[in-house]
Structure formats: structure tokens, C-alpha cells
Amino acid sequence: MLGGRGPVAGGEADAVTDDEAHAAAVALAEQARADEGAEAVEDSWLVEDGWTVDDAGPPESLVGAAEEAVLQCAVNPGRALAAGRKVLAAAEHLAGTPRHNVFARPRPGQLPAGFSPAPPWTPPNDAPDGTDARNTPPGIARKRATLQRDATADHGDVAAEAAAVALRAMALAARELGDLPMAEHCLRRAIATPGAPRGRVAQARLSLVTVRTERGHPLQALRIAAQAYAYLGPVDRAKLETQRAVALARLGRFHEAGAACERAIEVLAVTQGSVDDLRFLAGGLLNRGLIRAYRAEWAGAMHDVMTCLDMARNAGLDHLVRLAAANLPFLAVRQGDIAGAFAHYQQSEDTLFGFTERLATMRTDFADALLASHLPGEAAQVLTLAVPELEAAGARAALAEARLKLARVHLLMGDHAQALEAAERAAADLSEQDRAGWAPVIAEIRLRARLAGGEAGAAMVAEMIEAADACEREASVTACAQSLRLLAVETALEAGDDSTVSRQLARLTAHRPRPGDPVVVHHHALALDALIDGDHALAHQAVIDGLTSAGERAVQFQDPSVRVNTARAGERLAAFGLRLAVLRGCAEQVYGWAERWRSVVTSGRPHLLPLERLRARLEGRALVEYVVDGDDLLAVTVTGRGAALHHLGGVRQAAEAVTRLRYSLRRAHLQDAGAGLDPSELESLILLPLAEALGDRPLVVVPSGPLHNVPWAALPYLRGRPVSVTPSARAWGTAARDTGPAGGTPLVVAAAGPGLEHAEAEVKAILACHARAERVPARGANLLAALDRADVLHLAAHGTFQARSPLLSSLLLDDGPLMAYDLLRVRRPPSLVVLSACESGMAHVPAEGAPLGLAGMFLARGTTCVVAGLVPVPDAETAALMGLFHRLLADGDPPERALTAAVAATGARGFVCFGAGDQPVSTGRPGSADQLDHEPT
């Protein structure tokens, strides 16, 4: 997060306002590199804007020109680069020294040393600053006096001073242009310039601190800062503190980093100096804000970032504004505003385009926030872009962290082999960079990956306990410690190691959770402890309490993906409660635990619709709730006569049958002559064992696991039978109470997207079916505005499902894709939504009860019923189906019955009715049903 946002990474140059200047600077650099090895360069390359070496004037003016080049880095680094080269050439000309090609890449062994080992940095207590010199030992007092005299009086050779400052300007410009190796090369030359004043050398070292940090050597950066400190004045020391903060943060020493920022801000806030001073003050605020974010102090973090933005705007530092704004995606995600985060991210991509290292660091920070919000699919997409960009830029510190994040992404997405490989690469990078603070995090990822790969046994348990102990010693990863310890307990239970189980449970349950501790882990440990002692009532209550705490944290987020993934902290605890119910073999208890978890995921509370109320609400229907218990698939059937529990077999077998059915439907869509549709395998697994309990009743299906994407209309057993697919029994029961427009004839809105031959005719036919209908342009703004006033929406468009990032799934409109995330802006969604688009009903389900995708987003926002496609369907066939569906809807049929009849008549089997499809839509036509006249039981 601290790797390269304006002052955060470079501190001293914050803007490129002219893309042409950037391109010109790169071209100059490439041209100069082609001349590598030349001892002399013709004066003609210096002639720009009528300026030559002969125009340099007095030597003192060169220093001023070099300082102007340093300041120019804040406005236009391309121009600053050229100006620095001119001043350097002039200084060398006046000094009578040969001019070197500064753009020649240094060969191994050619870099000037300039650095000697130094003890850990501690701020000196300078007597001139007000301390009592009588308490200072004489030898130290003399040394301080010498340093103070050297820093102020030893100006050295003026030409050498100009050369050192010019090299520093070129380094700052190269840093802003994303060339870290060149920035370091220039700074090392500045430090090694013979005759350069010690103060100027110290300023070059100040600038080198962050460059060395970003190149993967934060400990060396701190030593460089210690070497620079004695030769800097108070203001430059404050600037140095902002750079030390970056190195400290990379090492995970966030408390020290925050203190460094505090010291810098205290000095810079009262300094009436240059724009450069103001830029460092804004950079210090930005760094402090990001350090606060690392420590989960979100209010303070946002305050600092926004103060930095205001300060930069008022000073006219436009690019610093953009660099500071590049942190807004991270902060927006951590506060649950995913839609706003993606909007900020897209803006940052535009403003940072062409500056690879800055952009890649922004991507890495954004991915970190997405991971913290349990969005590994979205994080994976961003990191896939960031890692090669960081490699190309040589930003090894940020690259190591990006690889570590990628390891966690692979782990969360179930690819334990890739997770282990990425963790090993990150471990090697971080070890080489002396960043030992990351070791516990790496150990945790490695252990989880190995456990997922099948490793177990006493040795594995011992490693997990050792890693948990190490995590407890690192304040920033104590939550990992408790999660690992619980994992060790469960592994030891499977191995029958009762003594280890008792010792580790005692450590987990000994104290009440502190702020920041994983409360769910504590309750899980209490439940295990109670179960071992035979106290089933206490175990039951501990599970309920744990699920409640998981839900309370999740419900604060409006975004359904963040809410769902935050609630997943309680997933293993919910599975524990479900396992106990399955072992008892009681259908009502299995139904209760399954519904409690689905409710936690969506509403934050472990509520359920009691079975007696559900049976009354079903009337003549049957409900089947599928449940996954480990590797087993079960079903609870509920009818007016009662509930029953059914064991159906393995989850994997059902998943493979679903995949084969969907594949055959796709081949049929492509008119493949060899395509054979055989749904009997899936039917025999998930429906035929329930036939006696279900009879021929209309069906309400609560899917689980791989069954969320079943094209139910393609199963012959359900032919002619109305089916509604709902996230939970409670969602179906409560949705039926909230249907219908406020009164009068409902408004039906329709739109046709591009690229579909029959979409125009389809929309015209649909509008003709309804008494109050309106066509809107297939453009994002028009459609979103219409959604807030429509009672029924019909959209014919191409659909795209993003399995790894389901809320990036979209419908293609005339002005681009309408993403599921865009629907977060809808205040009052229509009661009925019809998505006449392929795969618009597909969902990724990170936790049961919350299918994420286009249809799932509409339901989450309050839509009662969504009709959407699960497989590709021919355009003409879809148009025929939808025309008949709307005619039946206008005649008073509820959506589920209208869809069933339309499928039977047209043979288009790819659409499903999601939500509460049993409620008819009031159309305003004579003889049609009016929802407001139907009171649910």
C-alpha cells in the first residue's frame, strides 16, 4: 500500500502533467543509452530552447538552475530530466571534467559504494536545538559541533554542488517516470560526486531512501537515512522522516512508521517554505493515512487522505491530487463501498496510464483491499495485471507483497498447489530483502496449502502450533494465530490426539476475545470444548452466538458481495452445527441449521421460517432444500404433510452431472449433430429419490453447491410443473409479502441491446402486451433511471457471466456493459425483472443463501422475481418464448406458471424463474389478476 503513491513512494516529485513530455523524456533516454560507453558527448545534444553550455553564466547560477530542475519534477518530470542533464553537462564543462553518459546502465561493480554499515537509526539530541549541552559528554559535543559546522559552512566546489543537485533532479524525474534502476544510478553518482557539499550528499541520500526501499532493501534504506540525518537541517530531516516511514512500513513496523510521520508533520505543518515543503507535508499526511489504514483505523486514514487531497488541490499540485486519489479504491473497499471502489479504480487507471510502477502499486493495494473483503476473484484479476508490471519496473518490495497476496488468492480459490508455489517465491523475495516480519504470514499460507493438499498427522499439527505461536508474537497477525490454532485442534481431533486438543482449546477459550480478535474462532472453540464435555446445549448456544457475531460484522455492508464474504468467517462454525444435526438424523434440525446459515449470510441474523409457517405458506406446493454436508449431498423435502431428510450421494457426482448436462445444452445450441441431451443422470441423483415426497406438486427449490446453475426446465421430471428457485425458504416466504406496485396499472419498461437479430421485434411484441408500457434506450444511465420507476423490466441483450468476479457479470448495452455492481445504485428495483440474455441467471455462490450474479443482485436489491437464462438459447427461440410469456403474464398467470407454459410451447429450456414466482402481476387489463387482492397466508 505504501509503494509508490506520490510522496508515499518517491516523496519529492509528484506529477507528470504532459504526456508528450513523458514520451520525449523516454525517447531522450533511449537515444542516450544507445551512446553508452562514449567518453564525450557533442555539445549539440544540449542545444534546446536556445540554451547551451556557454549560456551557463556564473557557477552559482548553475546551482539555482539545478534546484529549479528539482522543483520541476513536481510539475513535469520529462522537462526536469532534460534540464538536469543540461545542468550536469554545464557543471562538468566548467569544472573541466569529462562528461559522462548518465543514461548508460551501470555494470556490476561500477556503482560507487558511498555506503558504510551504520547502527540502527536514532534521532540525535542536538544541543543547538535547545537541550542542555552541559549534560553532553565533551567528545560527543565536539563531534556535534563539527557536524553542525560542516553542514552549514562546507559548501565545497560550486560546480560539484550543481552536478550533485542536477543528478538528484534527474533521479527524481526517473523515479516519477517509473525507472527505479536509473533513479538509483543517478543518486549514487550524486553521492559519489567529488567535492560535493555534505548537505547536498545528504539530500541525495534522503531521496535514495525510498528508491532503495522500493527496490527491495528497506533495511539498507534505514541505514542510508542514518547516514544522511546529521547533515540535514530541521526541515530536510522532517522530509527524511516521511521517507523512513515508507521503509519502516515495508518491514511491518507500523507503529514506528506512524511515529516517523507524526514527527515529520509536526515540523512541516509550521514551516513557511516552498512548494516542495508543502508537497512533503501532504506526502506525510498521505503516508500516515495509509499506515492508519494498515492498522484498521479507517476514520483517521480517510481524514488524512482527504486532507492531503485538499492541500494538493489548493496548492495546484494536480498530479499529487491524482496520486492521493489512487488510494481511494483501497479505502472504499475497506469501508464496504465496492461500487465506488471500482469507479475510483477506473479513474486511477486513466490518470496513472503510462507510469507503470505507480499504476502497478495502486493495483496491488486495491487487490489487498479486495482480499481483505473476501473477494479473491476480483483480487486475482487485478494482481494478474500488477505482478508483471512490478517485475518490469524493478519494484521488488511491492512485487514480493504482490506475490504473497497472489498466494492467498490461490488458497482462497482452492488451488493449493499454485498457492504453495507463489508463497515460496514470495518467501524467497522477502527473505532476500530482510523482511522477517512477513515470515508468520508466509508460514500460515504454506501450512493451509499443504493441509488442503492432503497433508496431516502429528508433525503437521506441531508445525501449525509453532506457526500460531509465531503469529501471536506479531501484533499485526494475531488473528491468524487463533485461526491456525483452531485448525490444529481440528486436525488433532481427526488424529485422535486428545491431549493436544485439550491444551490448544484451553488456550483458545481462556480469555474473552479482545478487540480485533476473531470472535467466531473463540465461539467455535467453545462449541468444540462443550461437545467434548458432552454438553450439547452449550455447544448449540456457542454456535448460535458465533453465527450472530459473524452476521453482525457482515450486515454493516450494503454491497452483497462484501456482506456475504465477510459472513464467511462463520462458515466452518455453521458447518459444525449442521454436522451435529445430520448426525442426529432429524429433518427439522437439518432444515433449521441450513436456514440459519443462509439467513446470516443475507441478513446478518440466524433467523429461520418455522416449518409450520412454511407448510402453511406452501399451500399445494412442495419445497426441497438441498444441503451440502462435507462431501455429501442431502435434501429436506417439505410439504403440507411434514418434512423428511434424504441422503442423495456425493456432491462431486452431482457436480459432474450438472456439468455434463450444461455441456450438452451448449452443443445443442451450436446445432452440433453429435449432441445428445440425457438429463436422466442428474434426475436420478437429485430428483427421483424425492419423487414420492414431492408428488406432482408445483416446486420451490432451494439449491446448494453445484445445483445453483441447474437448468431445471431441461429435466423431464419437471416438465409442465411450475418451479421457483430461491436462495432460501425464508427468502421465498417473506418475498411473497412484499409484491406488487403501490396501486394502479404497473409500468412495464423494455429495452433492446445491440447485436441481436430478433431483439427489436421481441421488445415491440412485449410492449404490445401491456396496458402501460414504455421503451427506453439501451444505455446505462437511461436504464438505471428507468429501474427506479418501473414495476416490470424486460431487457433483451447479450449477457456475460464472470465466474471469478460474478458482480462484474454484465449485459451489453449500446454504450457498453451494464455490470451487476451498477445495480447497487438502484433505489427501488422492479418487482419483476426479465433478463432475455444467455447466462444472465448464472451465479457464483461463495456462501449458501447468496448467489452472486445479475439475477442474484436484483434479488438482493429487493426484486421479487427474476426470469433469466442459464444456458445459451437461440435468438429466434428466445423471442418466441418471451412473446408468449408476456401474453400469459398479461392474462394473469404468475411468472412461474407463465414460464412453464411458454417453455412447453416453444421448447426453449434455458430459462429459470428465480425468487417468488408464484405471485401474479397486475396488468391493468380486464380480467387479469391484481396482486393487491391476494393476501399471502
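Just above, that's the structure.
Keep in mind it's a predicted model, so treat the numbers as computed, not measured.

A. Structural view of the overall build of the chain. When its secondary structure is counted, the chain shows 38 helices and 14 strands. Out of the 937 residues belonging to the chain, those deemed buried represent 57%. When contacts within the chain are restricted to residue pairs at least 6 apart in sequence, long-range pairs at least 24 apart make up 71% of them. When the accessible surface of the chain is totalled, it reaches about 36,600 Å², and 52% of it is carbon and sulfur.

B. View of the pairing of strand E11 (residues 816-819). Taken together, the four bridges between strand E10 (residues 810-813) and E11 define a ladder with antiparallel strand orientation. By the bridge assignment, Leu813 is partnered in E11 with Gly816. The turn joining E10 and E11, which pair antiparallel and follow one another in sequence, is formed by two residues.

C. Layout of the packing of aromatic side chains. A complete count under the given rule lists two aromatic pairs for this structure. Between the aromatic rings of Tyr345 and Phe366, the centroid separation amounts to 4.7 Å while the plane-to-plane angle is 25°, which identifies the pairing as stacked. Placement of the pair is Tyr345 in helix H15 (residues 338-351) and Phe366 in helix H16 (residues 356-372), with a sequence separation of 21 residues. Classification of Phe366 by relative accessible area gives buried; the value is 0%. Where Tyr626 meets Trp712, the ring centres are 6.3 Å apart and the plane angle is 25°; that geometry is what we call stacked. Within this pair, whereas Tyr626 is found in strand E1 (residues 622-629), its partner Trp712 is found in the loop between strand E4 (699-702) and strand E5 (723-725), the two being separated by 86 residues in sequence. Its guanidinium or amino end placed over the ring of Trp593, Arg596 lies 4.9 Å from that ring's centre, counting from NZ or CZ.

D. Representation of the environment of Ala301 within the structure. Considering the arrangement of structural elements, one finds Ala301 in helix H12 (residues 298-314). Judged by its relative accessible area of 0%, Ala301 falls in the buried class. Remark: the alpha-carbon pair of Ala301 and Ile291, spanning 10 residues in sequence, is separated by 7.6 Å.

E. Layout of the packing of helix H6 (residues 180-191) against helix H7 (residues 198-214). Interaxial distance between H6 and H7 falls to 9 Å at its minimum, and their mutual angle equals 155°. On the basis of their axis angle, the class for H6 and H7 is roughly antiparallel. Classified by chirality, the crossing of H7 by H6 is left-handed. From H6, Leu180, Ala183, Glu184, Leu187, Arg188, Ala190 and Ile191 reach across to H7, where they touch Val201, Ala204, Arg205, Ser207, Leu208, Val211, Arg212 and Glu214.

F. Fine view of the packing of H16 against helix H18 (residues 396-412). At a closest axis distance of 10 Å, the pairing of H16 and H18 adopts a crossing angle of 35°. Crossing angle aside, the handedness with which H16 passes H18 is left-handed. Judged by residue contacts, Thr361, Thr364, Asp368 and Leu371 of H16 engage Ala398, Ala402, Lys405, Arg408, Val409 and Leu412 from H18. Grouping the amino acids of the contact of H16 with H18 by side-chain chemistry returns five nonpolar, two polar and three charged.

G. Expanded view of the nonpolar core. Counting residues in hydrophobic clusters, the biggest one holds 100 residues, and the most contacted among them are Tyr626, Ile686, Trp712, Leu835, Val866 and Phe914. A per-element tally of this core places H16 first, with seven residues. If near-sequence neighbours (up to four positions away) are discounted, Trp712 is found in contact with Tyr626, Ile686, Val701, Leu707, Leu718, Val725 and Val912. Counting 84 residues, the second largest nonpolar core, distinct from the first, contains Ala66, Val70, Leu177 and Phe254.

H. Spotlight on the side chain of Thr548. Considering the arrangement of structural elements, one finds Thr548 in helix H25 (residues 536-554). Once you skip the residues sitting within four places of it in the chain, Thr548 turns out to touch Gly604, Arg605 and Pro606.

I. How the structure looks around the pattern of salt bridges. Tallied over the full model, the rule gives 57 salt bridges. In this structure, Arg363 and Glu389 form a salt bridge, with 3.0 Å as the shortest nitrogen-oxygen distance. Linking Arg363 in helix H16 with Glu389 in helix H17 (residues 376-393), this pair joins segments that are 26 residues apart in sequence. With respect to class, Arg363 is no different from Glu389; both count as buried.

Parameters and conventions
Residues numbered from 1 in each chain as written. Predicted model: local features only at pLDDT ≥ 70, side-chain atom pairs only at ≥ 80, totals over all residues. Heavy atoms only, no water. Helix = DSSP H or I, 4+ residues; strand = E, 2+ residues; numbered from the N terminus. Buried < 20%, exposed > 50% of the residue type's maximum accessible area, 1.4 Å probe, protein only. Contact = heavy atoms within 4.5 Å. Areas by Shrake-Rupley, 256 points an atom, 1.4 Å probe, with all protein chains shown as cover. Pairing = 2+ DSSP bridges. Phe/Tyr/Trp six-rings, centres within 6.5 Å; stacked < 30°, edge-to-face > 60°. Lys NZ or Arg CZ within 6 Å of the ring centre and 35° of its normal. Axes fitted to C-alpha atoms, helices over the stretch in contact; angles between N-to-C directions. Parallel < 35°, antiparallel > 145°, perpendicular 65-115°, else oblique. Left-handed = near helix turned anticlockwise from the far one by under 90°. Nonpolar A, V, L, I, M, F, W, Y, C, P; charged D, E, K, R; others polar. Core = buried A, V, L, I, M, F, W, Y, C linked by side-chain atoms within 4.5 Å. Salt bridge = Lys/Arg side-chain N within 4 Å of Asp/Glu carboxyl O.

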